[in-house]
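Coordinates in review
Listed below are the residues making up each chain.
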Amino acid sequence: MSSTTSTAPAKHKSISYAKWGYLFIAPFFIIYITCSLIPLLSTFYNSLFENYMDGLKQIGPNFVGLDNFVKLFTPRSDGRLEILNYTINTMVMWIMGAVPQVVFALLLAVIFTSERLKIKGQTFFKTVIYMPNLIMASAFAMLFFQIFSSVGPINQIITASGGDVFMFFDKEWSTRSIIAFINFLMWFGNTTILLMAGIMGIDQSLFEAASIDGATSTQVFFKITIPLLMPIIIYVVITALIGGLQMFDVPQIITAGSGRPNNTTKTLVMALNSYIGTSKNYGMAGAVSFVLFVITGILSFIVFRSTEPKKEGKKK
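Computed from a predicted model, the values in this text were never measured in an experiment.

To continue, consider the overall build of the protein chain. Helix and strand counts for the protein chain stand at 12 helices and 2 strands. Each helix (α) and strand (β) of the protein chain, taken in turn from the N terminus, gives the series α-β-β-α-α-α-α-α-α-α-α-α-α-α. Seen through its principal axes, the protein chain has C-alpha atoms that stretch 115 × 65 × 45 Å. For the protein chain, contacts bridging at least 24 residues in sequence account for 65% of all contacts bridging at least 6. About 20300 Å² of surface is accessible on the protein chain, with carbon and sulfur atoms providing 67% of the total.

Let us now look at the pairing of strand 1 (residues 49-54). Bridging between strand 1 and strand 2 (residues 57-63) involves 5 bridges; their strand directions are antiparallel. By the bridge assignment, Tyr52 is partnered in strand 2 with Ile59. Here strand 1 hands over to strand 2 after 2 residues, with Gly55 in that stretch at a positive phi of 70°.

Turning our attention to the packing of aromatic side chains. Using the criterion set out here, one finds 22 aromatic pairs in the structure. Seen in terms of ring centroids, Phe28 and Phe29 are 5.2 Å apart; in terms of plane orientation they differ by 75°. Their pairing is edge-to-face. When the centroid spacing of 4.9 Å and the interplanar angle of 55° are considered together, the rings of Tyr45 and Phe49 count as tilted. A relative accessible area of 49% places Tyr45 in the partly exposed class. The rings of Phe104, Phe140, Phe144, Phe148, Phe166, Phe168, Trp173, Phe181, Phe184 and Phe188 are connected pair by pair, giving a single aromatic cluster.

Bringing the side chain of Ser47 into the picture now. As for its position among the elements, Ser47 is in the loop between helix 1 (18-46) and strand 1. Take Ser47: its relative accessible area is 0%, and that puts it in the buried class.

With that settled, the discussion passes to the nonpolar core. Counting residues in each nonpolar core, the largest one holds 39 residues, and the members touching the most others are Leu72, Trp94, Ile178, Ile182, Val250 and Ile254. The leading source of residues in this core is helix 12 (residues 282-307), at 8 residues. Apart from residues no more than four positions distant in its own chain, Ile178 is found in contact with Phe144, Phe148, Phe168 and Phe169. Core analysis: the second largest hydrophobic core is formed by 17 residues, Phe112, Phe184, Met196 and Val236 among them.

Let us now look at helix 9 (residues 217-245). A rise of 1.5 Å per residue sets the reference length of helix 9, with its 29 residues, at 42 Å; its end C-alpha atoms lie only 35 Å apart and thus fall more than 12% short of the reference. For helix 9, the principal kink sits at Met230 and spans about 60°; a proline, Pro231, occurs within the next four residues.

Turning next to the packing of helix 3 (residues 82-112) against helix 7 (residues 172-200). Helix 7 packs onto helix 3 with a crossing angle of 35° between their chain directions and a minimal axis gap of 7 Å. Seen from above, helix 3 lies across helix 7 with right-handed handedness. Taken together, the residues that form the contact of helix 3 with helix 7 break down as 20 nonpolar, 7 polar and 1 charged.

Attention now moves to the packing of helix 11 (residues 268-276) against helix 12. Where helix 11 contacts helix 12, the axes come no closer than 8 Å and their chain directions differ by 165°. In terms of orientation, helix 11 lies roughly antiparallel with respect to helix 12. The two elements helix 11 and helix 12 meet at a crossing, and its hand is left-handed. Here Leu268, Val269, Leu272, Tyr275 and Ile276 of helix 11 come into contact with helix 12, specifically with Tyr282, Met284, Ala285, Val288, Ser289, Leu292 and Ile295. When the residues that make up the contact of helix 11 with helix 12 are grouped by side-chain class, the tally is 11 nonpolar, 1 polar and no charged.

Calculation rules
- Residues numbered from 1 in each chain as written.
- Predicted model: local features only at pLDDT ≥ 70, side-chain atom pairs only at ≥ 80, totals over all residues.
- Heavy atoms only, no water.
- Helix = DSSP H or I, 4+ residues; strand = E, 2+ residues; numbered from the N terminus.
- Contact = heavy atoms within 4.5 Å.
- Areas by Shrake-Rupley, 256 points an atom, 1.4 Å probe, with all protein chains shown as cover.
- Pairing = 2+ DSSP bridges.
- Phe/Tyr/Trp six-rings, centres within 6.5 Å; stacked < 30°, edge-to-face > 60°.
- Buried < 20%, exposed > 50% of the residue type's maximum accessible area, 1.4 Å probe, protein only.
- Core = buried A, V, L, I, M, F, W, Y, C linked by side-chain atoms within 4.5 Å.
- Expected span 1.5 Å × (residues − 1).
- Bend = angle between axes of the 7 residues up to and from the residue.
- Axes fitted to C-alpha atoms, helices over the stretch in contact; angles between N-to-C directions.
- Left-handed = near helix turned anticlockwise from the far one by under 90°.
- Nonpolar A, V, L, I, M, F, W, Y, C, P; charged D, E, K, R; others polar.
- Parallel < 35°, antiparallel > 145°, perpendicular 65-115°, else oblique.

Spatial relationships are all this shows, so hold off on functional conclusions.
Now the structure itself:
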C-alpha cells in the first residue's frame, strides 16, 4: 500500500530594489540640505538681527525682527526705493544680454546640427565658441574697460577719424550695453552646446519625415525643433536668469563698485556687497540675500509656467 504525500509549494521571499533608488538620490539631497537649505535658513535668521560695525564698535547682534526688511523697502527722502532700482538695473542688463544670447545660440545650434548643411569641423567650432566661457569674468571686464576707456583703442579710432573722445562709462546706455555684451560673450557658447545636445537628442526620423512631406526649414524649426527642444530651452532660460540676478563681477569691475553713472548699473549683489564692505552689516546683507532668493524663485516660476506647454482639454 503506497501513500502519497503533498508538500506545500515553497514561498520565495520577494526582493525589493526600491531602497537602491533612495540610496542613489540621497547624495543630491544631502548636498542640497548642507550647501543650500541650511545656509538659506541661516541667512534668513541673520536678517532678523541688528549686527554691524560702527567704526571700531560692534553693534549687536540684537534681535529686531523684520526691521531690516522694513528699512530695505523704505523709500529715501527723495522718494527713490533703492532695492527696486537695483532690481530694475539687474533685470535690464540681464535681458539685454540673455535674450540675444539664447536667440544667437539657438541659431548656431540649428546650423551646426543641420543634416542639410552638414558643416564640417563641428568639434573645432564647438571648442572655439566655448572658449570665452573659460576666461574669468574679471579678465573680460578689465579687457573691455581698457578697450572703451578714454585713451583706449575705440576712442583712438574716433579721434583719428576727427571725432571727439566719447566717455562710454559716463553714459547709462553705453555702460549697460558693454556689461550686457560681456555677459553675452561669456555665456553664449555654453548655451549653444546645451542646445546642440538637445537637438541631437531629437529623433532624426522626424526631420526626415517632415522633409519627405515637403515641410520648409521654417516649418520644421517652429513645428518640430522648438516644441521638442522646449525642456532644454526652459532649463537654459532659468539657469541664465539665476546667473543674471547674481550679476556682480563684471559691473563691479567696470564701474569700480560705484554703479556709475548715478547707480544705473548697480545690481542686487553689488548692493549686498556694499553692506558687507566696511560696515559688516550682516543683518541688512541677509535681508537683501533673502529678497534676492524670493525674486529668483518668483521669476523662475513665471518663466517655467509661461513656457509650459498647454494641455488640451479632454473631448466629451
